[in-house]
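Per-entry structural report
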Amino acid sequence: MTDPNFNEIKQEALLLQEQLAEHNYNYHVLDDPVISDGEYDRMMKRLIEIEKQFPELSTPDSPTKRVGATPLTSFDTADHSTPMQSLDNAFNDQEIIDFHNRVAKLLETDEIRYTVEPKLDGLAVELRYEQGILTLALTRGDGTTGEVITDNSRTINSVPLKLTPPADGTIPGFLEVRGEVIINSRDFETLNKKRLEMDEPLFANPRNAAAGSLRQLDSRVTAQRPLEIFVYGTGLARGLEADSHSGLLDTLKTLGFRINPEIRTGLTLTEVLDRFKELEGIRENLPYEIDGMVIKVDDIAHQTTLGVKAKSPRWAIAYKFPAMEETTVINDIKVQVGRTGTLTPVAILEPVSIGGVMVARASLHNMDEIERKDIRIKDTVLVKRAGDVIPKVVKPVTAKRTGDEKVFIMPDRCPVCDSPVRRLENEAAVKCINASCQAQLKQRIKHFVSKAGFDMDGLGAKLVDQLVDREILHSFADLFTLDKTTLAAMDRMGDKSAANVVRAIENSKRVPLKRFLFALGMDHTGESAALLLCERFLTLKALETATIGEINDIDGMGPKTAASVVMFFENQENLAMIEDMVKNGVVIEEHQALVNNQAEGEGEGKQESVFSGKTVVLTGSLVTMTRSEAKKRLQELGAKVTGSVSAKTDILVAGESAGSKLTKAQSLGVAVMDEEELTEQLNKG
Ligand code: D41
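Everything in this summary refers to the structure shown in the same document.

Rules behind the numbers
- Residues numbered from 1 in each chain as written.
- Predicted model: local features only at pLDDT ≥ 70, side-chain atom pairs only at ≥ 80, totals over all residues.
- Heavy atoms only, no water.
- Salt bridge = Lys/Arg side-chain N within 4 Å of Asp/Glu carboxyl O.
- Buried < 20%, exposed > 50% of the residue type's maximum accessible area, 1.4 Å probe, protein only.
- Disulfide = S-S within 2.5 Å.
- Phe/Tyr/Trp six-rings, centres within 6.5 Å; stacked < 30°, edge-to-face > 60°.
- Helix = DSSP H or I, 4+ residues; strand = E, 2+ residues; numbered from the N terminus.
- Pairing = 2+ DSSP bridges.
- Near = heavy atom within 4 Å.
- Polar contact = N/O pair within 3.5 Å; in protein donor to acceptor, adjacent residues only side chain to side chain.
- Areas by Shrake-Rupley, 256 points an atom, 1.4 Å probe, with all protein chains shown as cover.
- Contact = heavy atoms within 4.5 Å.
- Axes fitted to C-alpha atoms, helices over the stretch in contact; angles between N-to-C directions.
- Parallel < 35°, antiparallel > 145°, perpendicular 65-115°, else oblique.
- Left-handed = near helix turned anticlockwise from the far one by under 90°.

1. Brief notes about the pattern of salt bridges
Oppositely charged side chains may form a pair once their charged atoms are brought near each other. Evaluation of the coordinates by the stated rule reveals 35 salt bridges. We note a salt bridge from Asp-374 to Arg-376, for which the minimum N-O separation is 2.9 Å. A residue is classified by how much of its surface remains accessible, and Asp-374, at 30% relative accessible area, is partly exposed. Accessibility expressed as a relative area gives 23% for Arg-376, which makes it partly exposed. Here the salt bridges do not stand alone but share partners, grouping Glu-262, Arg-264, Arg-275 and Glu-278 into one network.

In structure tokens form, the structure reads like this:
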């Protein structure tokens with residue numbers, strides 16, 4: 001029995017499928033959405049409804065397949081049409097030069113150009129398309145045989161369910177595409193935070209999270225995970241011609257695949273080595289983890305001449321970054337007392353070199369973390385160092401346990417002042433609540449004199465420790481009465497350095513309100529909160545009498561900061577301390593209000609933003625925030641954020657590698673703003 005409206009409904013379904021595929025591509029491959037999430041969801045809901053009623057319309061390439069399918073009981077395995085090879089590794093420039101010389105000798109030419117790709121730290125997969133439709137997805141497995149993960153792959157939004165026909169309309173009849181499935185670093189953090197709340201085991205790193213998500217028997221679970229793909233090559237391919245690797249990537253791009261924007265082509269050997277240094281530099285700012293760079297001979301005729309070895313091609317090599325994870329032993333766990341009295345357990349490690357830096361200590365955060373990870377004294381542990389941050393203990397290597405390990409117990413007395421500690425309700429932190437604890441005083445003073453505070457150059461940690469231990473410093477105010485003789489009498493100080501410190505203290509006495517507030521070290525009040533407070537209240541006097549409500553009403557400010565600021569200024573001792581500082585010569589400069597402040601006489605301190613009432617379009621990729629964050633903040637400042645550029649657009653915010661929208665905006669004479677200007681304006685707002 002067929003529905004009399006079947007043909008009409010079929011047309012609607014086909015249209016929805018096509019439109020959803022396109023919007024999905026715009027969003028996840030181009031990172032350039034043109035409709036709202038709400039609109040997308042409504043269209044998807046309607047299509048699911050239709051396909052439920054008419055299952056024959058639910059084709060394997062329908063966008064509804066992205067939500068997952070019935071769970072499996074185990075994974076099937078299947079062979080790759082051609083083996084997925086691995087890569088040889090190199091760890092220094094010389095090994096790359098040797099690689100180049102081997103290649104040059106075999107090719108009998110020095111004229112070799114390379115394509116270099118960031119080496120994504122994810123999971124290698126192969127996607128098979130028959131007549132343009134995704135029919136099979138396999139993990140790399142051992143290179144010959146992989147696990148069938150087709151349903152799971154369909155849930156990855158940047159995996160095309162069918163190929164986009166290029167301009168001439170011909171699509172390869174059979175195509176295997178290879179790529180790396182990843183989870184970006186920010187999504188990984190969010191995922192782990194959720195798992196922590198749900199009491200589920202945490203993933204050690206984004207790579208494990210990607211692998212665990214892709215190897216789910218229930219693809220509906222995979223669909224909930226923020227997986228992404230970048231493709232880097234092909235397996236067996238019929239009906240696809242390319243004479244260079246870069247040309248191949250271009251073709252894959254036109255077929256609808258996501259290609260990493262950091263890939264560079266046409267590089268000489270020296271340019272390859274330069275690019276490696278460059279990637280090392282931007283590594284921390286990339287939204288995903290990479291563990292090196294893959295170098296490929298670009299010319300496919302050259303590749304063919306070079307051929308393959310047993311397991312890897314002769315025309316490619318991976319240049320790996322030094323490992324940022326190492327195993328070592330925890331010799332002891334000590335407790336440090338912070339500026340606000342928080343007791344932080346610190347692992348004292350058997351020193352180990354991680355990526356060229358000796359590491360002897362690693363943060364363990366708090367007791368909850370130690371218990372959750374079950375970290376014990378004498379455990380062999382995996383330690384990770386990333387950028388400039390304090391190294392972290394990732395997990396214990398339980399296989400190495402001997403039975404001699406000891407469970408760490410948090411002391412119930414402060415290791416510095418011996419007063420009892422307290423664990424606040426609903427908080428992981430254990431605190432020493434003795435306000436005159438010397439450990440706290442030391443940390444508070446170090447914070448006070450730091451660059452973002454009073455910026456007293458030369459007053460380093462060791463000097464502060466001595467001055468507190470010898471009971472010369474009891475409060476911030478004492479800093480301003482330090483003289484040359486006192487300072488010169490400290491260890492490792494001479495007349496000259498003492499004089500320099502005295503001068504630095506003298507010069508620091510005139511201080512902008514923002515730095516003064518930061519220096520005070522109130523809970524939950526870092527540099528950005530200090531700035532917000534300044535912009536709202538302008539003077540210390542006004543802030544001293546502010547209410548929780550007034551502070552909480554500031555955009556970007558929360559109740560925790562509001563409560564801590566009000567509590568700070570209600571405390572008579574704190575007020576007396578500020579008075580002492582002023583007596584000792586400190587001049588707190590009133591905050592310089594921004595020029596485009598709202599008309600005078602307006603009671604509210606809220607400023608007019610350049611975005612208010614404006615129609616704004618975001619394009620290209622942003623480095624310091626996600627598009628959705630930028631969108632949210634713009635909306636908070638009164639902007640209307642839309643997807644496409646038209647004569648009605650007031651401002652186009654163009655991130656990196658902005659494309660057609662930028663061209664269009666320029667031709668329409670629309671104001672264009674780059675990311676730097678955007679952040680500046682957002683911070684003003
Ligand atoms: O980003 C990667 N992880 C990556 C891996 C890449 N960009 N290119 C790769 N190219 C190859 C060859 C040259 C063998 C086609 C690879 C891999 N292989 C690879 N991934 C896992 C094993 C090998």
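Let's pick the thread back up.
2. Looking at the state of the cysteines
Disulfide: a covalent bond connecting the sulfur atoms of a pair of cysteines. For the structure shown, the criterion picks out zero disulfides. There is no disulfide at Cys-417, and the cysteine sulfur nearest it, in Cys-432, is 3.7 Å away. Judged by its relative accessible area of 2%, Cys-432 falls in the buried class.

3. A closer look at the packing of aromatic side chains
In the structure shown here, the tally under the stated rule is twelve aromatic pairs. Ring plane angle 5° and centroid distance 3.6 Å describe the contact between Phe-276 and Tyr-319, whose orientation is recorded as stacked. Linking Phe-276 in helix H9 (residues 269-282) with Tyr-319 in strand S11 (residues 316-320), this pair joins segments that are 43 residues apart in sequence. Tyr-319 shares its class with Phe-276; the two are buried. With a centroid separation of 5.2 Å and an interplanar angle of 80°, the aromatic rings of Phe-568 and Phe-569 are classed as edge-to-face.

4. Observations regarding the environment of Leu-273
As for its placement among the helices and strands, Leu-273 is situated in helix H9. By relative accessible area, Leu-273 is classed as buried at 12%. Considered as a pair, Leu-273 and Gln-94 are 179 residues apart in the sequence and their alpha carbons are 10.0 Å apart.

5. Notes on the pairing of strand S25 (residues 651-654)
Of the two faces of S25, both are covered, the one formed by Ile-651 and Val-653 as well as the one formed by Leu-652 and Ala-654. Sheet analysis places S25 next to strand S26 (residues 671-673), joined by three bridges and oriented parallel. By the bridge assignment for S26, Val-653 is matched with Met-673.

6. As for the site of the ligand
Not every one of the 16 residues close to the ligand is listed here, only the nearest: Gln-85, Glu-117, Leu-120, Tyr-232 and Lys-296. Take Glu-180: an N or O atom from its side chain is 3.3 Å from a nitrogen atom of the ligand. Tyr-232 places a polar side-chain atom, nitrogen or oxygen, 3.2 Å from a nitrogen atom of the ligand. Burial of the ligand by the surrounding chains reaches 86%, relative to a free accessible area of 490 Å².

7. Points about the environment of Leu-662
Of note, Leu-662 is situated in helix H23 (residues 660-668). Sequence separation between Leu-662 and Leu-618 is 44 residues, and the spatial gap between their C-alpha atoms is 9.7 Å. With residues near it in sequence (within four places) discarded, Leu-662 still touches Leu-652, Ala-654 and Val-672.

8. Here's the deal with the packing of helix H16 (residues 513-520) against helix H17 (residues 527-537)
Between H16 and H17, the least distance of the axes is 9 Å, while the angle of their chain directions is 130°. Put simply, H16 runs oblique to H17. When you trace H16 past H17, the crossing you get is right-handed. Along its contact with H16, which presents Leu-513, Lys-514, Leu-517 and Phe-518, the element H17 presents Glu-527, Ala-530, Leu-531, Leu-533 and Cys-534.

9. Regarding the sheet that holds strand S4 (residues 123-130)
Judged by pairing direction, the sheet is antiparallel, and its four strands sit side by side in the order S5-S4-S7-S8 without closing on themselves. Strand pairing shows two members of the sheet lacking a second neighbour, strand S5 (133-139) and strand S8 (227-238), which therefore form its edges. Put simply, the sheet's adjacent strands are angled 25° from each other on average, direction ignored. Inspection of the sheet shows S4 paired to strand S7 (residues 174-183) by eight bridges, in the antiparallel sense. Bridge assignment links Ala-124 to a residue of S7, and that residue is Glu-180. Those strands touched by helix H6 (residues 206-214) are S4, S7 and S8, and its axis lies near 130° from that of S7.

Take it as geometry only, folks, not as evidence of what the structure does.
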